[in-house]
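# Structural characterization, general
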Amino acid sequence: MGKRVTPQANTTDTKEQISWRERFAALGNLPAFFRLVWEVSPALFLGNAGLRLIRAAIPAATLYVGKLIIDHIVALNKQAAGSSTDDIHYLWWLVAAEFGLAIVSTALGRAVALLDGLLGDLFANRISIRLMEHAATLDLEQFEDATFYDKLERARRQTSGRTVLLSGVFGQVQELISVAFLAAGLAVYNPWLLLLILVAVTPSFIGDNYFNQRSYSLSRSWTPERRELDYLRYIGASDETAKEVKIFGLSGFLIDRFRSLSWEYFTKNRSLAISRAGWGVVLTALGTAGYYGAYVWIVMRAVTGQISLGDLTFLAGSFRQVRGSLEGILLQFSSLTQEAIYLQDLFDYFAIQPTIHSPGTSRPFPNPIREGFVFENVGFKYTNLERWALRNLSFTLHVGEKLALVGENGAGKTTLVKLLARLYDPAEGRILLDGHDLREYDLMALRRNIGVIFQDYTRFKMSAGVNIAVGDIDERTNQPQIETSAQRSLADTVIAKLADGYDQQLGRSFNKGVELSGGEWQKIALGRAYMRDAQLVILDEPTAALDARAEYEVFQRFNKLTEGHSSVIISHRFSTVRMADRILVLENGTLLEIGSHYELLEKDGRYAELFGLQARGYQ
Ligand SMILES: Nc1ncnc2c1ncn2[C@@H]1O[C@H](COP(=O)(O)OP(=O)(O)OP(=O)(O)O)[C@@H](O)[C@H]1O
């Protein structure tokens, strides 16, 4: 494989450095994050916080009890033979107290981990649901945009491992309180010790921050490549692609591509990890030197008798713990800001607003439609396409009319249909429904009144019944309606052959799922068109996979059942097209001809030419 070009990886490394200011600003996401966590479960949230608070006091208490024990033993030794049983009892009480603290600390640790886990799982579920809810509101065009996908991918990463942030922040607070207790003890003896600790931990804090920032930048700039890696992993091992991967012998090609891309990422990560480890050793050594400096001072004071042996253990222990905790807090802080920046990606995704939506006050949807749809000089351009997909398009779709769209591949037929359903809005001109712009109507009402079956319809890996019911999902338990729709689309003959009938799992991804042939799937998908009583039914190449007899029968039924309703049919088969009331011929996104089959034959233009070509093929 040739060397791949990764412009993002090379150019954004420097561009995507995150400044301190951005890091602190990202912390501003924490309140919103906590609100989300709180909404998930107030009880778990409070329980977690409460238990951690108690646990925070334990290290200082344990050290203090330890000091009392040592001082008491020293006192007992001095008294030698004269110790009373009360003194011994007191000593055992102290030992029991320390034992009790150790047990409570472990139990609280387990309880906190449990609550973290439960809360984290609930939170991940909640975010997944919000991701799906938000995705449902977004424009089709947004889904077709690669940068949007990168955002979605980064947001999706937030649905797992969020416990890291959760326990991270909670742990921070717990540690801070622990440190406050311990530091208070240290300050009583000598406040300078605190300053020494701060100086000792600063180098490793700065180092960690630096490396966290670089690792975030790297990971962020590699989002498109990571997506590609996921995609390669998927197509390299999936039931959907297995057939072609085998026939064309693609596995070597896919694996090579995966290998070179993943190796490139690995080497970048590796060099970062190595320099991080190297610097880590040096910087923590500085911290250790600080600790031993203080230790020498404490030992000297004990030797000269200025502090007791108990004080020595308490101070040395406190110092060690405060340093460890502070290092932890500062380390956590830098990974916390990093997590908070990831959180920004999640909130960025939630902040994406659709451009296609209902107006503030919408016009009631006409029922029945009286005048039909009018295209007035409509033009549309895909964002990633230079040329216009449709331009200067004007025609009327009358009420009750059956219109066929004809044109070569890429002429703009599907695009026209997407504009009718407001999956996109025109960039030029407008589409009127009963004299008013489509944008004045409620979007949901419009979509409810239009039934579209696209050529690339989705084969849901769900039951056969649900695959038909998606045409009107609110009616998914309405078995008679599902069965009637199946009869109309000829799907009933397909379902009759399935062992579990309408409950049969389709697709092989799940247990006991069966795969259907292309035409069988199409009959099932066509059933969706009959699920709702739409005023406009659109079929985009609905019979391409059907055999000749099935196609004939489907259209006989379709024409009868949609009598009085408007319909649009896209087809490359002229046997189907000629049944339409009028035929609209598109070429390069513009209207070339429109008229009935006979009118267009008489005109002897493009339609007549294409029709003649196909007819000759059968002679
Ligand atoms: N999502 C998209 N993003 C960018 N360009 C697109 C997109 N969908 C279609 N196009 C482009 O717009 C043009 C019109 O496509 P459209 O799907 O409307 O053609 P069509 O007439 O339905 O073709 P076919 O007969 O092959 O189904 C094509 O050139 C296509 O490349």
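The following refers to the structure shown. (Residues numbered from 1 in each chain as written. Predicted model: local features only at pLDDT ≥ 70, side-chain atom pairs only at ≥ 80, totals over all residues.)

### Considering the sheet that holds strand β10 (residues 590-595)
Across a sheet, strands are paired by hydrogen bonds formed along the backbone, either parallel or antiparallel in direction. Note the threshold: Only when DSSP finds a minimum of two bridges between them are two strands counted as paired. Strands here mean DSSP runs of E at least two residues long; helices mean DSSP runs of H or I at least four residues long; both are numbered from the N terminus. For every element, the axis is a line fit to its C-alpha atoms; helices are fit only across the contacting stretch, and the angle between N-to-C directions ranges from 0 to 180 degrees. Placing a C-beta atom from the backbone of each residue, one calls two residues in contact when those atoms lie within 7 Å.
Taken in spatial order, the 6 strands make up an open sheet running β6-β7-β8-β3-β9-β10, and their pairing is mixed. Pairing within the sheet leaves two strands with one partner each, and these edge strands are β6 (450-453) and β10. Between one strand axis and the next, the sheet turns through 15° on average, direction left out of account. Alignment of strand β9 (residues 582-587) against β10, held across 5 bridges, turns out to be antiparallel. The residue bridging Glu587 from the neighbouring strand is Thr590, located in β10. In this fold helix α19 (residues 518-531) packs onto β6 and β7 (536-540), with an angle of close to 175° to the strand it touches most, β6.

### Points about the environment of Leu336
Summarising the element assignment, Leu336 is placed in helix α13 (residues 309-351). Between the C-alpha atom of Leu336 and that of Val169, which follows or precedes it by 167 residues, the distance is 7.2 Å.

### Looking at the sheet that holds strand β2 (residues 390-397)
Within the open sheet, the 4 strands sit side by side as β2-β1-β4-β5. Their pairing is antiparallel. With one partner strand each, in any of the chains shown, β2 and β5 (436-437) form the two edges of the open sheet. As paired elements, strand β1 (residues 373-380) and strand β4 (residues 428-433) share 5 bridges and run antiparallel to each other. Counterpart to Phe373 in the pairing with β4 is Leu433. Lying over the sheet, helix α14 (residues 413-420) contacts β1, β2 and β4, oriented at roughly 120° with respect to β1.

### Overview of the environment of Val201
In plain terms, the rule: Each residue is classified by how many other C-beta atoms fall within 10 Å of its C-beta atom, where C-beta atoms are placed from the backbone; a count of 20 or more means buried, 12 or fewer means exposed, and values in between mean partly exposed.
Tracing the backbone through its elements, the reader meets Val201 in helix α9 (residues 191-221). The class of Val201 is buried, set by 26 C-beta atoms lying within 10 Å. A C-alpha to C-alpha distance of 81 Å links Val201 and Tyr552, two positions 351 residues apart in sequence. The contacts of Val201, once residues within four sequence positions are left out, are Gly287, Arg323, Leu326, Glu327 and Leu330.

### A few points about α19
Put simply, the test is: Working rule for helices: expected span equals 1.5 Å times residues minus one.
The end-to-end C-alpha separation of α19 is 21 Å, in line with the 20 Å expected for 14 residues at 1.5 Å each. Along α19, the positions that sit buried rather than exposed are Glu520, Gln522, Lys523, Ile524, Ala525, Leu526, Gly527, Arg528, Ala529, Tyr530 and Met531. Looking at the packing, one finds that the buried side of α19 touches β6, α16 (464-469), α17 (479-488), α18 (491-496), β7 and α20 (548-561).

### Some words on the site of the ligand
For clarity, the threshold we go by: Throughout this description, a residue near a molecule or strand is one whose C-beta atom, derived from the backbone, lies within 6 Å of it. The nonpolar class holds Ala, Val, Leu, Ile, Met, Phe, Trp, Tyr, Cys and Pro. Asp, Glu, Lys and Arg form the charged class, and all remaining residues, Gly among them, are polar.
If you check the shell around the ligand, you find 13 residues, and the closest are Tyr382, Asn409, Lys413, Thr414 and Thr415. The element that contributes the greatest number of residues to the shell around the ligand is α14, accounting for 3 residues. Residue composition of the shell around the ligand, by class: 4 nonpolar, 7 polar and 2 charged.

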